[in-house]
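Secondary and tertiary structure notes
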Amino acid sequence: MTIKAVVWGENIHEQTNAVVREIYPNGMHNTIAAALNADVGIEATTATLQQPEHGLSAERLAKTDVLLWWGHKDHGAVSDEIVERVARRVWEGMGLIVLHSGHFSKPFKRLMGTPCALKWREAGERERVWVINPRHPIAAGLDENFVLENEEMYGEQFSVPEPLETVFISWFAGGEVFRSGLTWRRGAGNIFYFRPGHETYPTYHDANVHKVLRNSVRWAYNPEGTYSAIHEAPNVPVEQALEPIVERGPKLHQAGEAGYR
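Everything in this summary refers to the structure shown in the same document. (Residues numbered from 1 in each chain as written. Predicted model: local features only at pLDDT ≥ 70, side-chain atom pairs only at ≥ 80, totals over all residues. Heavy atoms only, no water.)

1. Regarding the packing of helix α3 (residues 28-37) against helix α7 (residues 207-220)
Any two packed helices are characterised by the angle at which their axes cross and by the distance between the axes. Going by this rule: Only the stretch in contact is used when a helix axis is fitted, and all axes are lines through C-alpha atoms; the angle between N-to-C directions ranges over 0 to 180 degrees. For the purposes of this entry, the term helix denotes a DSSP run of H or I that reaches at least four residues, the term strand denotes a run of E that reaches at least two, and both are numbered from the N terminus. For classification purposes, angles smaller than 35 degrees are called roughly parallel, those larger than 145 roughly antiparallel, those between 65 and 115 roughly perpendicular, and all remaining angles oblique. Handedness of each helix crossing follows the sense of rotation of the near helix against the far helix: counterclockwise by less than a right angle gives left-handed, clockwise gives right-handed. What makes two residues a contact is simply this: any of their non-hydrogen atoms within 4.5 Å.
Contact geometry of α3 with α7 gives a least axis separation of 9 Å together with a crossing angle of 70 degrees. Accordingly, the angle class assigned to the pair α3 and α7 is roughly perpendicular. Crossing geometry of α3 relative to α7 is assigned as right-handed. Taken together, the residues of α7 that come into contact with α3 (itself represented by Ile-32, Ala-35 and Leu-36) are His-210, Leu-213, Arg-214 and Val-217.

Structural data, given as structure tokens:
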């Protein structure tokens with residue numbers, strides 16, 4: 001079965017910065033989608049901030065298996081309604097892959113519930129990405145490390161919740177280290193954060209990065225489909241209790257009445 005992925009890009013730097021435009025003339029989102037479409041099992045399309053509903057209508061998200069998110073310059077421009085729509089779909093089982101500066105994006109912070117802050121330095125440093133979980137599906141086909149000659153530095157502490165798994169740790173030429181590949185689960189949805197991807201460097205043209213992106217889409221995919229029952233909070237009648245019980249004492253809600261939210 002083909003995995004339907006949507007690559008969401010802020011699509012601002014490509015329009016306003018000559019360096020970024022030269023590296024990604026078709027936009028980072030299209031470059032990432034092309035890398036994903038090299039896998040015959042993935043069908044990747046794109047969405048951008050400037051489109052109606054940021055390209056993420058309820059109908060489109062309902063058909064999306066995995067959403068990839070890259071943002072940086074204008075996180076605040078993302079509609080809170082769309083943020084809640086994305087979070088709801090993750091809880092229902094849609095995979096989410098957050099890239100580079102998307103650590104400060106509204107959807108990621110909403111799902112993490114923490115500041116998601118870190119140290120940074122834009123100096124074109126060498127980044128060595130170490131695979132510390134070599135049997136993890138996201139690391140499939142990689143050597144024990146790979147190098148990106150120019151990248152923005154991210155350094156610890158990274159104020160996110162303790163991850164389920166740490167797949168990668170990065171070392172930078174200036175000496176800092178960073179947990180650069182982390183996984184979580186929120187509701188029925190798998191989430192992966194992958195650090196590399198600063199817009200003024202050709203990171204999304206790198207073959208190892210392409211491999212991580214394709215692996216992570218396959219890992220985040222939930223073949224069970226949408227788990228809509230996660231939103232339900234049913235008022236279970238006494239007569240439907242698994243074991244016979246007798247109702248006693250006063251109560252706030254009448255039979256069948258919805259609870260407060």
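2. Quick word on the pairing of strand β9 (residues 189-194)
Filter applied, for reference: Here's how the labels work: a residue is buried when its accessible area is under 20% of the maximum for its type, exposed when over 50%, partly exposed in between, all with a 1.4 Å probe on protein chains only. Only strands that DSSP links by at least two bridges are regarded as paired with each other.
Of all the six residues making up β9, six are buried; the element is thus mostly covered by neighbouring parts of the structure. Burial along β9 is two-sided: the residues Gly-189, Ile-191 and Tyr-193 and Asn-190, Phe-192 and Phe-194 are all buried. In the sheet, strand β4 (residues 95-99) pairs with β9 via four bridges, with the strands oriented parallel. Bridged to Ile-97 within β9 is Phe-192. By the bridge criterion, six bridges tie strand β8 (residues 177-186) to β9 in an arrangement that is antiparallel. Within β9, the residue paired with Arg-185 across the bridge is Asn-190. The antiparallel hairpin formed by β8 and β9 contains two residues in its connecting segment, where Gly-187 sits at a positive phi of about 65 degrees.

3. With respect to the sheet that holds strand β2 (residues 42-48)
Sheet architecture is open: nine strands sit in the order β2-β1-β3-β4-β9-β8-β7-β5-β6, paired in mixed fashion. Lying at the two open borders of the sheet, with one neighbouring strand each, are β2 and β6 (145-155). Pairs of neighbouring strands in the sheet enclose a mean axial angle of 25 degrees, with direction left out of account. Across seven bridges, the pairing between strand β1 (residues 3-9) and β2 is parallel.

4. A closer look at the pattern of salt bridges
It is possible for side chains bearing opposite charge to pair when their charged atoms get close. The condition that has to hold: Every case where a carboxyl oxygen of Asp or Glu lies within 4 Å of a side-chain nitrogen of Lys or Arg is listed as a salt bridge.
Overall, the coordinates contain 15 salt bridges when judged by the stated rule. Of the charged contacts in the structure, one is a salt bridge between Arg-89 and Glu-92, with a shortest N-O distance of 3.3 Å. With a gap of three residues between them, Arg-89 and Glu-92 both fall in helix α5 (residues 80-92), about one helical turn apart. A relative accessible area of 8% means that Glu-92 is categorised as buried. Its salt-bridge partner being Arg-195, residue Glu-151 comes within 3.2 Å of it at the nearest N-O pair. Note that Glu-151 is positioned in strand β6 and Arg-195 in the loop between β9 and α7, a separation of 44 residues in sequence. Judged by its relative accessible area of 0%, Arg-195 falls in the buried class. It is possible to trace a salt-bridge network through shared partners that takes in Glu-53, Glu-81 and Arg-85.

5. Some thoughts on a nonpolar patch on the surface
Convention followed: Nonpolar side chains (Val, Leu, Ile, Met, Phe, Trp, Tyr) are joined into patches within 5 Å and like charges within 9 Å, using only residues with over 30% relative accessible area and no salt bridge. Note on areas: Shrake-Rupley, 1.4 Å probe, and residue coverage restricted to the protein chains presented here.
A cluster of nonpolar residues, Trp-130, Ile-132, Trp-171 and Val-177, forms a patch on the protein surface that exposes about 360 Å² of accessible area. Secondary-structure assignment places Val-177 in strand β8. For Val-177, a relative accessible area of 42% puts it in the partly exposed group.

Any functional reading would require information that these geometric values do not contain.
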